[in-house]
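Overview (structure and organization)
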Amino acid sequence: MMTSSIPENPYLLLTPGPLSTTKTVKQAMLRDWCTWDDDYNMIVQDIRAQLVSLATKTEGYTAVLMQGSGTFSVESVITSVLPDHGKLLVLANGAYGQRIGKIAEKAKISTIVLDSGELNPPDLNLLTKTMATDPQITHVAVVHCETTTGMLNPIAEIGRLVKDAGKTYIVDAMSSFGGVPFDMVDVGADFLISSANKCIQGVPGFGFIIAGTAAIESCAGRGRTLSLDLFDQWNTMEKQQGKWRFTSPTHTVRAFKQALTELEREGGIEVRHQRYLENHRILVQGMKHSGFRCLLDDKDQSPIITAFHSPTHPDYSFPRFYNELKSKGFVIYPGKVTHQDTFRIGNIGDVTPLDMERLVEAIADSMYWDRGQGESR
Ligand SMILES: *Cc1c(COP(=O)(O)O)cnc(C)c1O
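Let me begin by describing the structure that accompanies this report. Note that this is a predicted model, so its numbers are computed, not measured. (Residues numbered from 1 in each chain as written. Predicted model: local features only at pLDDT ≥ 70, side-chain atom pairs only at ≥ 80, totals over all residues. Heavy atoms only, no water.)

1. Here we look at the site of the ligand
Counted only if it meets this: By convention in these notes, a residue is near a molecule or strand provided one of its non-hydrogen atoms lies within 4 Å of it. N or O atoms closer than or at 3.5 Å make up a polar contact, with two conditions inside protein: a donor-capable atom paired with an acceptor-capable one, and, for residues adjacent in sequence, both atoms drawn from side chains. Note on areas: Shrake-Rupley, 1.4 Å probe, and residue coverage restricted to the protein chains presented here. Counting from the N terminus, the helices are the DSSP runs of H or I reaching at least four residues and the strands are the DSSP runs of E reaching at least two. In this classification, Asp, Glu, Lys and Arg are treated as charged, Ala, Val, Leu, Ile, Met, Phe, Trp, Tyr, Cys and Pro as nonpolar, and every other residue, Gly included, as polar.
The environment of the ligand is formed by Ser-69, Gly-70, Thr-71, Tyr-96, Arg-99, Val-143, Cys-145, Thr-147, Asp-172, Met-174, Ser-175 and Lys-198. Contacts to the ligand include Ser-69, whose side-chain N or O atom sits 2.5 Å from an oxygen atom. Between the ligand and Thr-147 there is a distance of 2.5 Å, counted from an oxygen atom to a side-chain nitrogen or oxygen. When the ligand sits alone it has 380 Å² of accessible area, and the protein chains cover 85% of it. Elements represented by at least two residues in the shell around the ligand include exactly α3 (70–81) and α4 (95–106). Residues that form the shell around the ligand fall into these classes: four nonpolar, five polar and three charged.

2. Structural notes on the side chain of Glu-146
As a reminder of what qualifies: A simple rule labels every residue: compare its accessible area, found with a 1.4 Å probe on the protein chains alone, to the largest value its type can have, and call it buried under 20%, exposed over 50%, or partly exposed in between. Positive charges come from Lys and Arg alone, negative charges from Asp and Glu alone, with His and the N- and C-terminal ends not counted. Salt bridges are identified by distance alone: a Lys or Arg side-chain nitrogen within 4 Å of an Asp or Glu carboxyl oxygen. Any two residues having at least one pair of non-hydrogen atoms within 4.5 Å are treated as being in contact.
Looking at where Glu-146 falls in the secondary structure, it is placed in strand β6 (residues 145–146). Despite its burial, Glu-146 remains without a salt bridge, the nearest opposite charge being carried by Arg-344 at 6.8 Å. A distance of 3.0 Å separates the side chain of Glu-146 from the backbone nitrogen of Gly-97, its partner in a polar contact. Residues contacting Glu-146, with those up to four places away along its chain left out, are Asn-93, Gly-94, Ala-95, Tyr-96, Gly-97, Met-151 and Asn-153.

3. Quick word on the nonpolar core
Note the threshold: Residue types Ala, Val, Leu, Ile, Met, Phe, Trp, Tyr and Cys, when buried and joined through side-chain atoms within 4.5 Å, form a set referred to as a nonpolar core.
Membership of the largest hydrophobic core comes to 75 residues, with the highest contact counts inside it found for Leu-51, Leu-88, Phe-177, Phe-191 and Ile-210. If one sorts the elements of this core by residue count, helix α2 (residues 38–55) sits on top with seven residues. Counting 26 residues, the second-largest nonpolar core is a separate cluster that includes Leu-12, Leu-283, Ile-332 and Val-360.

4. Notes on the packing of helix α10 (residues 250–266) against helix α11 (residues 269–289)
Put simply, the test is: Between N-to-C directions, angles cover 0 to 180 degrees, with each direction set by a line fitted to C-alpha atoms, over the stretch in contact for helices. Should an angle lie under 35 degrees it is considered roughly parallel, over 145 roughly antiparallel, and from 65 to 115 roughly perpendicular; all remaining angles are considered oblique.
Direction vectors running N to C along α10 and α11 enclose 80°, while the axes themselves pass 7 Å from each other. The angle between α10 and α11 places the two elements in the roughly perpendicular class. Judged by residue contacts, Glu-262, Leu-263 and Glu-266 of α10 engage Ile-269, Val-271, Arg-272 and Arg-275 from α11. Considering only residue class, the contact of α10 with α11 consists of three nonpolar, no polar and four charged.

5. Observations concerning unusual backbone geometry
A cis geometry characterises the amide bond from Gly-17 onward to Pro-18, with omega recorded as -5°. Of note in this structure, Gln-201 is not a glycine but carries a positive phi near 70°. Note that Gln-201 resides in the loop between β9 (191–195) and β10 (206–212). Even without being glycine, Gln-241 reaches a positive phi, approximately 45°. The residue Gln-241 is located in the loop between α9 (230–239) and α10 in this model. Judged by its relative accessible area of 55%, Gln-241 is exposed.

6. Description of the sheet that holds strand β8 (residues 168–172)
Defined as follows: Strands are labelled as partners when DSSP assigns at least two bridges between them.
On the basis of which strands lie adjacent, the open sheet formed by seven strands has the order β2-β10-β9-β8-β5-β3-β4 and mixed pairing. The sheet terminates laterally at β2 (61–67) and β4 (110–115), the two strands that pair on one side only. The average undirected angle you get between the axes of adjacent strands in this sheet is 20°. Sheet topology note: the β2/β10 ladder contains seven bridges and is antiparallel. When the sheet's bridge partners are listed, Met-66 is paired in β10 with Gly-207. Against the sheet, helix α6 (residues 155–164) makes contact with β3 (87–92), β5 (139–143) and β8, and its axis sits at roughly 160° relative to β8, the strand it touches most.

7. Considerations on the pairing of β9
Of all five residues making up β9, five are buried, and the element is well covered by its neighbours. Taking every second residue as pointing to the same face, both faces of β9 are buried, with Phe-191, Ile-193 and Ser-195 on one and Leu-192 and Ser-194 on the other. Note: β8 against β9, three bridges, orientation parallel. For Ile-170, the partnering residue across the bridge sits in β9 and is Phe-191. For β9 and β10, the ladder comprises five bridges, and the chain directions are antiparallel. Along β10, the bridge assignment pairs Phe-191 with Ala-211.

This is the structure we're talking about:
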């Protein structure tokens, strides 16, 4: 067998995905697979079963894998789940919630977006009132970790209201699934969406949807597109035991299988969550020590990604700060909040508390705008 060494990453990705992956995940991609061979299809079937067991202990659930980035999986659900006369209510408090609304609008699905603003949790009273006064509403969608700000939305609380009102509940858990523990049945989620390159720590190329088997079966014939048809994709994978309808991202899938094995070896979602919490704690402590302020209140903050106010010093510029950090081996993320100047730092991926300690030191060292007079640097 030919072996070759994998080059070291020049920097650690502290972003919400794609993120830093282990060498062994990347190594898993170094062979080719035949998409109709049992060897490959068995990997797909294993992945589907593993995803279901990560999502819930309840029987009767199933998983579908879908080509593309995470948005493709969100679009697959929105365009495949609502019946012709269905109406979607979206709880939005950031760019990803807004994107769900845009997807529905493009597909000419009747939609109402309740936007609580980027810095606020969803308005649950307004949700209850709207569901009560608009009987046309059939489905409710929300983002779990709104990656725009790093806010963790209360999906279980929302789920209770949605289920009490008898609506179908769609949760975009893209940036939280695998890194924040929850059981989708406890949360009341009917359709749960995530992707390969977030907290499971795989490489980009596909997303996945977990749902009750009966719920997916009820979507037959509802798809508004060909390639993103959720039922058709599931039906082929199910009937032909791991077969994708169209070319599957074989290397990404194999790497994902390795990522799932590594999640299990780490101790599962609970243990990974603890690591992310610790990463986040060290980050925030170090940043506060250097004079930075978090955008969100602690109570709303996820351990996935953290937004910080940009320094107001006239000499500060994000590109320069970014490049100083990049040259020291860390890539951070620009802000996405509309009315405030922020930047973001991710806590997820193959990143350890030790890495975060090195990061906060590198940040303290990169604050060129703060260097006192007489310092020659
Ligand atoms: C990453 C992410 C997505 C999907 O983004 P892609 O760029 O399409 O992978 C969707 N929702 C949330 C909350 C995300 O964090």
